[in-house]
Amino acid sequence: MTASNEFSRLDTPLEASSSPALKFEVFARCSTTKARASKMHLPHYTAHTPMFMPVGTMGSIKGITTKQLEALDCHVILGNTYHLGSRPGPELLEKAGGLHKFMAWNRGLLTDSGGFQMVSLLKLANITEEGVEFENPHDGQKMMLTPEMSIGLQNAIGADIMMQLDDVVSSLTTGPRVEEAMWRSVRWLDRSIKAHKRPTEQNLFPIVQGGLDVELRTKSALELVKRDSPGYAIGGLSGGEAKDSFWRMVSLSTDILPTNKPRYCMGVGYAEDLVVCSALGVDMYDCVFPTRTARFGNALVRTGSLCLKQGRFSADFEPIDKTCDCPTCANYTRAYLHTTATKETTACHLITIHNIAFQMRLMRDIRQAIVEDRYPAFIREFMRIRFGKTVPMWVVNALQSVGVDLTVPDSSGYSAEPVADDFQRTPNSGIEP
């Protein structure tokens, strides 16, 4: 498998910041868009950004070992504080010396705060100024997660990057509740900073909130910048809102957040989103999509997603992707994966490997294009392969905002026609996947 080496000829960063547990160095900037390529030095690993972080909810990615993740060039993975706090629990993790040692992972770890699960997955969640009150799904008992408890759990887990507990509201929510949640999240951040016991070993990222309200999101970002944190997250999106609203909130946030610190857009994982948001100045992403969709027999390729359960693959002896160097593509055919998809754990494992490899390769390609200052050309070629002539309107609008106009023909004659769909319904049939 290919490893990241985009910065091999770059010695001097253009811009940098240093915190006790994080050093961020920007080595290249796109001369057209807001994209940049950087190194993020963490206590356990130096990650290259823009990067995608696979989600390992309970300290593991289903069917994948940590050695395999290393071989796939994965720099940072994400763990879930709520689930890890329930099992194996903070006491056992502290005895083990933290999650890194417990799961035999020597690279970067990021943990969420646990608040999203409280609200989205559990019954009878109630938000108060103290914290999130919820019903324990195991015994039905009422429990409370406070900012202090979330930080305590994350300190025990020992992740390189921790997230503040924020007051999570749906991106579709409007009215006074959005402002209430935004200001409460700022207050909870201050409590989280005070509770953080390992600032020289772990980094605490605050989360920009404010829903789809320009004024509130601006106020949120400005308040967080005052805290001079090691890095910042953009939250409260990817919750069903229109994509044209999504990208505008991302771009607004990156315009305000410091240019010399990492920016993390939470819950983003579709390939076109990664390409667009990198152009908008985002450095980090996570999402369950690549690994979850693999378990349903869906393999990611540049033209979209191949549903290997479909009968058309029953006698297809090509690999998932001829250009992919992952172990799955090197050794197995679409026909084999079709036969076993959703029926055998082997297929889930093999497609998961490919999908993670796909994400890692895409991010390497993005970084390389930024380093070589050809990111606009990369974007155009990516969208041509991904969508063909008809590209979602939100993609066209977002890219126009940073100087890339897909509706204007390039040297090859390619131009795009905007369409109303937010998402790709089927793979681009004009190019062989």
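Read on for an overview of the structure. (Residues numbered from 1 in each chain as written. Predicted model: local features only at pLDDT ≥ 70, side-chain atom pairs only at ≥ 80, totals over all residues. Heavy atoms only, no water.)

Let's talk about the overall build of the protein chain
What the protein chain contains, in helices and strands, is 16 helices and 20 strands. In terms of C-alpha radius of gyration, the protein chain reaches 21 Å, essentially the compact-globule figure of 22 Å for 433 residues. Across its three principal axes, the protein chain shows a C-alpha extent of roughly 55 × 45 × 45 Å. Residues classed as buried in the protein chain amount to 55% of the 433 residues present. Long-range contacts, defined here as pairs at least 24 residues apart, represent 67% of the contacts in the protein chain between residues at least 6 apart. Here the protein chain displays about 17400 Å² of accessible surface, and carbon together with sulfur accounts for 52% of that area. (Helix = DSSP H or I, 4+ residues; strand = E, 2+ residues; numbered from the N terminus. Rg over C-alpha atoms; globule rule 2.2 N^0.38 Å. Buried < 20%, exposed > 50% of the residue type's maximum accessible area, 1.4 Å probe, protein only. Contact = heavy atoms within 4.5 Å. Areas by Shrake-Rupley, 256 points an atom, 1.4 Å probe, with all protein chains shown as cover.)

Some thoughts on the nonpolar core
Counting residues in hydrophobic clusters, the biggest one holds 90 residues, and the most contacted among them are Val250, Val275, Tyr285, Tyr375, Met383, Leu399 and Leu406. A per-element tally of this core places helix α14 (residues 345–371) first, with 12 residues. Those residues in contact with Leu406 that sit more than four places away from it in its chain are Arg380, Met383, Val391, Val395, Val396, Leu399, Ser415 and Ala416. Listed in part, the 19 residues of the second largest apolar core include Phe24, Val26, Val55 and Leu78. (Core = buried A, V, L, I, M, F, W, Y, C linked by side-chain atoms within 4.5 Å.)

Digging into the sheet that holds strand β15 (residues 263–265)
Read from one edge to the other, the open sheet built from 5 strands follows the order β5-β16-β15-β14-β13, with strand pairing classed as parallel. Single-partner strands in this sheet number two, and they are β5 (51–54) and β13 (207–208). Pairing of β5 with strand β16 (residues 284–287) involves 4 bridges; the strand directions are parallel. Across the sheet, residue Met51 finds its bridge partner in β16, namely Met284. Most of the contacts of α14 go to β5, to which it runs at about 165°, and overall it touches β5 and β16. (Pairing = 2+ DSSP bridges. Axes fitted to C-alpha atoms, helices over the stretch in contact; angles between N-to-C directions.)

Structural notes on the pattern of salt bridges
A full pass over the atoms with the stated rule returns 28 salt bridges. Measuring nitrogen to oxygen at the nearest pair gives 3.1 Å for the salt bridge that ties Asp73 to Arg364. A residue pair is termed long-range when its members are at least 10 positions apart, and Asp73 in the loop between α1 (66–71) and β6 (76–79) and Arg364 in helix α14 qualify at 291 residues. A single burial state applies to Asp73 and to Arg364, both of which are buried. (Salt bridge = Lys/Arg side-chain N within 4 Å of Asp/Glu carboxyl O.)

Comments concerning helix α10 (residues 271–279)
Here α10 lies mainly inside the structure; 9 of its 9 residues are buried. What α10 keeps buried is the set Ala271, Glu272, Asp273, Leu274, Val275, Val276, Cys277, Ser278 and Ala279. Of the surrounding secondary structure, the elements contacted by the buried residues of α10 are β5, α9 (243–256), β16, α14, α15 (375–387) and α16 (393–400). At the C-terminal side of α10, Gly281 shows a positive phi close to 100°.

So, the environment of Val208
Here Val208 lies in strand β13. Overall, Val208 belongs to the buried group, its relative accessible area being 0%. Through-space distance from the C-alpha of Val208 to that of Ile356 is 27 Å; in sequence the pair is 148 residues apart. Residues within four places of Val208 in sequence aside, it is in contact with Arg217, Ser220, Ala221, Leu224, Ala233, Ile234, Gly235, Ser253 and Leu257.

Considerations on the pairing of β16
Residues Met284 and Asp286 line one face of β16 and the alternating positions Tyr285 and Cys287 line the opposite face, and both faces are buried. Across 2 bridges, β15 lies against β16 in parallel orientation. Note that in β16 the partner of Tyr264 across the bridge is Met284. Regarding topology, α10 serves as the crossover connection from β15 to the parallel β16, and that connection is right-handed. (Right-handed = clockwise from strand over helix to strand, strands pointing away.)

Thoughts on the packing of helix α7 (residues 176–195) against helix α8 (residues 214–225)
At a closest axis distance of 10 Å, the pairing of α7 and α8 adopts a crossing angle of 5°. One way to sum up the angle between α7 and α8 is to call them roughly parallel. From α7, Val178, Glu179, Met182, Trp183, Val186 and Leu189 reach across to α8, where they touch Leu216, Lys219, Ser220, Glu223 and Leu224. A breakdown of the residues in the contact of α7 with α8 according to their chemical character gives 7 nonpolar, 1 polar and 3 charged. (Parallel < 35°, antiparallel > 145°, perpendicular 65-115°, else oblique. Nonpolar A, V, L, I, M, F, W, Y, C, P; charged D, E, K, R; others polar.)

Here's the deal with the packing of α14 against α15
With their axes 8 Å apart at the nearest point, α14 and α15 run at an angle of 145° to one another. Packed against α14, whose contacting residues are Phe358, Leu362, Asp365, Ile366, Ala369 and Ile370, the element α15 presents Tyr375, Phe378, Phe382 and Arg386 at the interface. Classifying every residue of the contact of α14 with α15 gives 8 nonpolar, no polar and 2 charged.

A look at the sheet that holds strand β2 (residues 22–29)
Read across the sheet, 4 strands follow the order β1-β2-β3-β4 without closing on themselves; strand pairing throughout is antiparallel. Looking along the sheet, the strands with just one partner apiece sit at the ends: β1 (15–19) and β4 (46–49). The sheet shows a mean angle of 15° between the axes of neighbouring strands, direction not considered. Here β1 runs beside β2; their pairing, made up of 5 bridges, is antiparallel. The residue of β2 that forms the bridge with Ser17 is Phe24. Seen against the sheet, α14 touches β2, β3 (36–41) and β4 and runs at an angle of roughly 115° to β3.

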